[in-house]
Amino acid sequence: KRVRDTRTKLAPAYHLILEGILILWIIRLLFSKTYKLQERSDLTLKEKEELIEEWQPEPLVPPVPKDHPALNYNIVSGPPTHIITVNGKECINFASFNFLGLLNNEKVKSAAQASLKKYGVGTCGPRGFYGTFDVHLELEERLAKFMRTEEAIIYSYGFATIASAIPAYSKRGDIVFVDEAACFAIQKGLQASRSNIKLFKHNDMADLERLLKEQETEDQKNPRKARVTRRFIVVEGLYMNTGDICPLPELIKLKYKYKVRIFLEESLSFGVLGEHGRGITEHFGINIDDIDLISANMENSLASIGGFCCGRSFIIDHQRLSGQGYCFSASLPPLLAAAAIEALNIMEDSPDIFQTLRAKCERIHKALQGISGLKVVGESFSPALHLQLEESCGSRENDVKLLKRVVDYCMNSGIALTQARYLEKEEKCLPPPRTRTGQICVELDCCFLIPLSHIIRISVLHCIVTSRFFH
Amino acid sequence: MYCLLQVLLQKNGVSNGTLYKKTFIEHFEQAPMYVAVFTFVGFAVGTIFGYLRDFMRAWGLEKRNIAAEREQQKDFVPLYQDFENFYTRNLYLRIRDNWNRPICSVPGPQFDLMERVTDDYNWTFRFTGRTIKNVINMGSYNYLGFAETDVNALKTVTIELEKYGTGVCSTRQEMGTLDKHVELEKLVATFLGVEDAMVFGMGFATNSMNIPALVGKGCLILSDELNHTSLVLGARLSGATIRIFKHNNMQSLEKLLRDAIVYGQPRTHRAWRKIIILVEGIYSMEGSIVRLPEIVSLKNKYKAYLYLDEAHSIGAVGATGRGVVEYFGMSPDDVDVLMGTFTKSFGAAGGYIAGKKGLVDFLRTHSHSAVYATSMCPAVAEQIIRAMKCLMGLDGTTQGLQRVRQLEKNTRYFRRKLHEMGFIIYGNDDSPVVPLLLYMPGKIGAFARRMLEKNIGVVVVGFPATPITESRARFCVSAAHTREMLDTVLNALDELGDFLHLKYSRYSKSSHPELYEESRLELED
């Protein structure tokens, strides 16, 4: 057998030299400075100063042309009741939302005066810090009793009511189905809530059902997420932008079928629809507990300032800590709350004013039909009607100009109308230009109706003829 | 932990001490370590008991007092997550009787509270029908004392209410601009020394509806850490990018400004369209006053715009009540957008924005409030007009100036006495908002209840309005408070401070102020 050579062989010299060089190279790399692959140009101080010098911001606000239509307000002197003095001229007021004519009511004014003597004007604090007065509590109780719900909560500004109520419940990740014609306050509330918004075509229940079905199929893909995603439908009782009502019975059916909660905005329908003025739920004879939240402002029928939400305690009580317009803002001045209570008293004592209002609305609606060049937009019993041009003059600007001339002519003849104002860049679905008219007040005498339609007829003809002449 | 007594000199790299025409003294003393420890222990105990009670409620061992969902809607997605309401249910509810206290008189220096008892540990309240009369009011924002029912004072308001009624029922752009609004706007512009002003029906809504009209996408908003909810909401609704700088810290603001201009918008590096700085005159939870001279010099250097919210400072600071601009001896042209509310110093409701004519014209056409929201009630407008005329001396008396002086005297007296007693007070020496630190959650309820027993109504604030360890009681000094009322309150505070061990300050001043106000202390950061 061969004896194995157990002596360790010495590595050849070049191995050792190579390894030595390698070790030295590693040591050098370890101690050398690192550099990035892409040279990042960190600006020098001088370059930064130059950039700061050069930067020019836009002006804070763009200049507004002097003849901008919205710049020259109509100035009203004296109380804005059904005879109104606009720019020095006395007119019949078809432009304020004074539906029940309570703006100049003596009882309301004396209640406000009594409250002024007792409480002064302002409340000097939010509701949480000594800004809760007994009149606020009384008003909330009365509203809840009137609407036949458990609880109501008052806000000091009508716009802030729905804009604070929606974000209190609907947060990021929740889904809200809202009508296209929803008013601006609802849009702002939705924007503040950061939820997913799904628009459905105005009053189109088939479209809404389609969206709900789509959502259902989405849910089946991800049931865990679906279990914590809240869903809401936001609709208005009587739409400000179109003058028609929402089909509430079908909405209730959809609510129970797809498990969605309903928020109803009743600014125009509170004090107008229903046998006793309770709004659209009374109009359709629906159980009020089926609607999760009803929000309305007191600036239309109640001729006061502010807004309220009513519903079950389970829902409303939450807003007392998470409604931003409620917790972080001063409460409603007590004289306005006292005026609202008195207005509610009048509404409860004389329920026949609602019938009178509806009758007058129908008469005006009929009288305004058939004016060539203008069409009436809105339900026959809606106190807020729109007059829209039947065919457009070409561009929105020209339409607006023509309508302005109609309005000016009417004003000169003693009828106060107004153009419906919108913020063109901010609205999601901008309604076409129109005048808002026929805001009927109960105290109007029927003899005014005929001159109104007559005057509008003449003014429209006059304006269309002259505009065609000059174009 | 060490005391931070800030005397402004070399702070923030501004070696130019002449920026400030008078000494600017603010205090933010930190409490000893054991206080923080006990605060956390207090919250921990509360939380443990909260879990215990929730457990007992879930298993039916304790009655459930919470409102519940409808039977027909039980299978809907729950509206509230149980966890969100944990704090409300278990910690806030225990001391809930200290908030939302209803009153039944004018919110002047003294008011009447409705007596309220609870039979089930604050779940529900019941009114006994009695009123607690003449409680000293240290909680309402009545800085100049215009919340009054004096018949002579309210004469014009009564007349206007009779003439105009209560509501307006229309928006500013349609049929809602009354001659009263025009008169009020002219008066506000004269009062502030600017070209034009516009008024709105609600102070909160003034911010949340006008900031989106001024800035939009592609703009940058630099907002103070402790800004009010309305400013934050307005900034969010505008769609602009928001960056927060530390409270009243000019270095933080300058760094943000430089980085913004040098690096531009994130990712695209396009230049910003405009940069706007949102600050408040007096911060209502801290009592600190904004460092206006430095902010204005920064804004001029970097070409940014300044939006100053003077909700608490208009009428309350300044030699003639014109706000922080006058307090620092600056001109109203230095601030681009002057905003304020009428709720606090004028005893009414609503807000205004004032500035150059171009700005106000733009807001008249583009503000959300002008187009969609009702205008101010005319009687409320008249109250503001009469208060402002009184303040400006246009009614022929010096009553307005007297009120401002009285407020200043009351503020200094109150703050000095509290410092001497050894409480930790935050804020500027000239601010009528006085936060007194309580720290521990147990003391919040005890403090408010015991003060009410002594017939003094105070406001206490805890989490989430303040940081969790810094609960406080907040006093609002009014010009209508007499020296006797303030002394009553101070004596009660002295007693209660000893009883509840609230005197945490290690630097109670002697009653010889001249000795320390002249020294200049090196500041540490």
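For chain B, an unreviewed UniProt entry supplies the name serine C-palmitoyltransferase and the organism Ficedula albicollis. In the Cofactor (unreviewed entry) part of its UniProt record, chain B is described as follows: "pyridoxal 5'-phosphate".

Naming follows an unreviewed UniProt entry, where chain A appears as Serine palmitoyltransferase 1 of Ficedula albicollis. What the UniProt record of chain A gives under Cofactor (unreviewed entry) is the line "pyridoxal 5'-phosphate". As stated in UniProt under Sequence similarities (unreviewed entry), the record for chain A gives "Belongs to the class-II pyridoxal-phosphate-dependent aminotransferase family."

Turning our eyes to something else, we now look at the UniProt feature "domain: Aminotransferase class I/classII large" (unreviewed entry) in chain B. In the numbering adopted here, UniProt assigns the feature "domain: Aminotransferase class I/classII large" (unreviewed entry) to residues 133-493 of chain B. Split by type, residues 133-493 of chain B is 42% helix and 17% strand. Its first and last C-alpha atoms lie 20 Å apart.

This next bit is on the confidence of the model for chain A. On average, chain A scores 84 in pLDDT, and the residues at 70 or more come to 88%. Taken together, the stretch residues 440-449 of chain A has pLDDT below 50 and engages in 30 contacts with residues farther than four places along the chain or on a different chain.

Moving on, we get to the packing of helix α14 (residues 441-453) of chain B against helix α15 (residues 483-500) of chain B. Residues and elements named next belong to chain B. Taken N-terminus to C-terminus, the directions of α14 and α15 make an angle of 145 degrees; their axes are 11 Å apart at the nearest point. Seen along the crossing, α14 lies across α15 with a hand that is right-handed. Side by side, α14 and α15 meet where K443, A446, F447, R450 and M451 of the first sit next to A492, L493, L496, F499 and L500 of the second. Tallied by class, the residues present in the contact of α14 with α15 amount to eight nonpolar, no polar and two charged.

Residues F414 and F447 of chain B are the most contacted members of the largest nonpolar core, which totals 205 residues. Top element by residues in this core is helix α13 (residues 334-349) of chain A. It accounts for 10 residues. Not counting the four nearest positions on each side in its chain, F447 of chain B is found in contact with L438, V458, V460, A473, F475, L493, L496, L500 and L502 of chain B. Residues A163, A182, I316 and Y326 of chain A belong to the second largest nonpolar core, which totals 43 residues.

Attention shifts here to unusual backbone geometry. Residue P464 of chain B is reached from F463 of chain B by a cis peptide bond, and omega for that bond is 0 degrees. Counting through the fold element by element, P464 of chain B comes out in the loop between β17 (459-461) and β18 (471-476). The phi dihedral of N203 of chain A falls on the positive side, at around 60 degrees, and the residue is not glycine. Within the secondary structure layout, N203 of chain A lies in the loop between β7 (196-200) and α7 (205-221). One non-glycine residue, N122 of chain B, adopts positive backbone phi at about 75 degrees. Positionally, N122 of chain B belongs in the loop between β4 (110-117) and β5 (126-137). Exposure remark for N122 of chain B: the relative accessible area of 5% places this residue in the buried category.

A separate point is the confidence of the model for chain B. Residue and element names in this part refer to chain B. Model confidence for chain B is summarised by a mean pLDDT of 87, while 93% of its residues fall at 70 or above. Low confidence marks residues 1-16, where pLDDT is under 50. Its contacts with residues over four positions away, or in another chain, come to 37 contacts. For residues 515-525, every residue scores under 50 in pLDDT, and the model assigns this stretch 12 contacts once sequence neighbours within four places are set aside. Our summary of model confidence lists the complex with pTM equal to 0.88 and ipTM equal to 0.90.

Inspection of every chain in the model, using the stated rule, returns 26 aromatic pairs over all chains. Seen in terms of ring centroids, Y119 of chain A and F133 of chain A are 5.3 Å apart; in terms of plane orientation they differ by 65 degrees. Their pairing is edge-to-face. Within this pair, whereas Y119 of chain A is found in helix α3 (residues 106-119), its partner F133 of chain A is found in strand β4 (residues 132-133), the two being separated by 14 residues in sequence. Here F414 of chain B and F475 of chain B contribute two aromatic rings whose centre-to-centre distance is 5.6 Å and whose plane-to-plane angle is 70 degrees, an arrangement assigned as edge-to-face. Of the two residues, F414 of chain B sits in helix α13 (residues 399-421) while F475 of chain B sits in strand β18, which places them 61 residues apart along the sequence. Above the plane of the ring of F125 of chain B lies R116 of chain B, whose end atom (NZ or CZ) is 4.1 Å from the centre. In this arrangement the basic side chain of R483 of chain B is found over the ring face of Y413 of chain B, its NZ or CZ atom lying 3.7 Å from the centre.

What follows covers the pairing of strand β6 (residues 175-179) of chain A. Residue and element names in this part refer to chain A. For β6, the buried fraction is high: five of the five residues fall into the buried class. Here β6 shows two buried faces, one formed by I175, F177 and D179 and the other by V176 and V178. Between β6 and its parallel partner β7, the chain crosses via helix α6 (residues 184-193), and the hand of that crossover is right-handed. In this structure, β6 lies alongside strand β8 (residues 231-236), joined through four bridges in parallel fashion. Pairing of I175 across the sheet is with R231, part of β8.

Next up on the list: helix α1 (residues 13-31) of chain A. Between its first and last C-alpha, α1 of chain A extends 28 Å over 19 residues, near the 27 Å set by a 1.5 Å rise per residue. Of all the 19 residues making up α1 of chain A, zero are buried; the element is thus mostly uncovered.

Residues and elements named next belong to chain A. An ideal rise of 1.5 Å per residue puts 24 Å on 17 residues; helix α15 (residues 396-412) measures up with 24 Å between its terminal C-alpha atoms. Within the sequence span of α15, burial applies to D399, L402, L403, V406, V407, C410 and M411. Phi for G414, located one or two positions after α15, is positive at around 95 degrees.

Right, let's get into the UniProt feature "domain: Aminotransferase class I/classII large" (unreviewed entry) in chain A. Those places that UniProt annotates as "domain: Aminotransferase class I/classII large" (unreviewed entry) correspond, in this numbering, to residues 90-380 of chain A. Secondary structure within residues 90-380 of chain A divides into 46% helix and 16% strand; the distance between the first and last C-alpha atoms comes to 28 Å.

This paragraph deals with the packing of helix α5 (residues 158-169) of chain A against α6 of chain A. All names here are of chain A. Where α5 contacts α6, the two axes come as close as 8 Å, and the packing angle between them is 30 degrees. As the angle between them shows, α5 and α6 are arranged roughly parallel. Crossing geometry of α5 relative to α6 is assigned as right-handed. From α5, F159, I162, A163, I166 and P167 reach across to α6, where they touch F184, A185, I186, K188, G189, L190, A192 and S193. Residue composition of the contact of α5 with α6, grouped by class: 10 nonpolar, two polar and one charged.

Let's shift gears to the pattern of salt bridges. Under the defined criterion, the tally for this structure stands at 50 salt bridges over all chains. With a shortest N-O distance of 3.8 Å, K180 of chain B and E160 of chain B are connected by a salt bridge. In this pair, K180 of chain B is assigned in helix α4 (residues 179-192) and E160 of chain B in helix α3 (residues 155-164), connecting sequence segments 20 residues apart. Each member of the pair K180 of chain B and E160 of chain B is classed as buried. Between E185 of chain B and R364 of chain B there is a salt bridge, with the nearest N and O atoms lying 2.8 Å from each other. You can see E185 of chain B sitting in helix α4 and its partner R364 of chain B sitting in helix α10 (residues 357-366), a full 179 residues away along the chain. Among the charged side chains, a salt-bridge network with shared partners connects R127, E140, E151, D317 and R320 of chain A.

Before going further, it helps to spend a moment on the environment of E140 of chain A. Residue and element names in this part refer to chain A. By secondary structure assignment, the location of E140 is in helix α4 (residues 134-147). Between the alpha carbons of E140 and N72 there is a distance of 39 Å; along the sequence they are 68 residues apart. Residues within four places of E140 in sequence aside, it is in contact with R127, A152, I153, I154 and R320. Within the local environment of E140, its side chain forms a polar contact with the side chain of R320, the two groups lying 3.2 Å apart.

Reading the values: the criteria
- Residues numbered from 1 in each chain as written.
- Chains lettered and ligands numbered in written order.
- Predicted model: local features only at pLDDT ≥ 70, side-chain atom pairs only at ≥ 80, totals over all residues.
- Heavy atoms only, no water.
- UniProt positions renumbered as here; feature names shortened; annotations may be inferred.
- Helix = DSSP H or I, 4+ residues; strand = E, 2+ residues; numbered from the N terminus.
- pLDDT = per-residue confidence, 0-100.
- Contact = heavy atoms within 4.5 Å.
- Axes fitted to C-alpha atoms, helices over the stretch in contact; angles between N-to-C directions.
- Left-handed = near helix turned anticlockwise from the far one by under 90°.
- Nonpolar A, V, L, I, M, F, W, Y, C, P; charged D, E, K, R; others polar.
- Core = buried A, V, L, I, M, F, W, Y, C linked by side-chain atoms within 4.5 Å.
- Buried < 20%, exposed > 50% of the residue type's maximum accessible area, 1.4 Å probe, protein only.
- Phe/Tyr/Trp six-rings, centres within 6.5 Å; stacked < 30°, edge-to-face > 60°.
- Lys NZ or Arg CZ within 6 Å of the ring centre and 35° of its normal.
- Right-handed = clockwise from strand over helix to strand, strands pointing away.
- Pairing = 2+ DSSP bridges.
- Expected span 1.5 Å × (residues − 1).
- Parallel < 35°, antiparallel > 145°, perpendicular 65-115°, else oblique.
- Salt bridge = Lys/Arg side-chain N within 4 Å of Asp/Glu carboxyl O.
- Polar contact = N/O pair within 3.5 Å; in protein donor to acceptor, adjacent residues only side chain to side chain.

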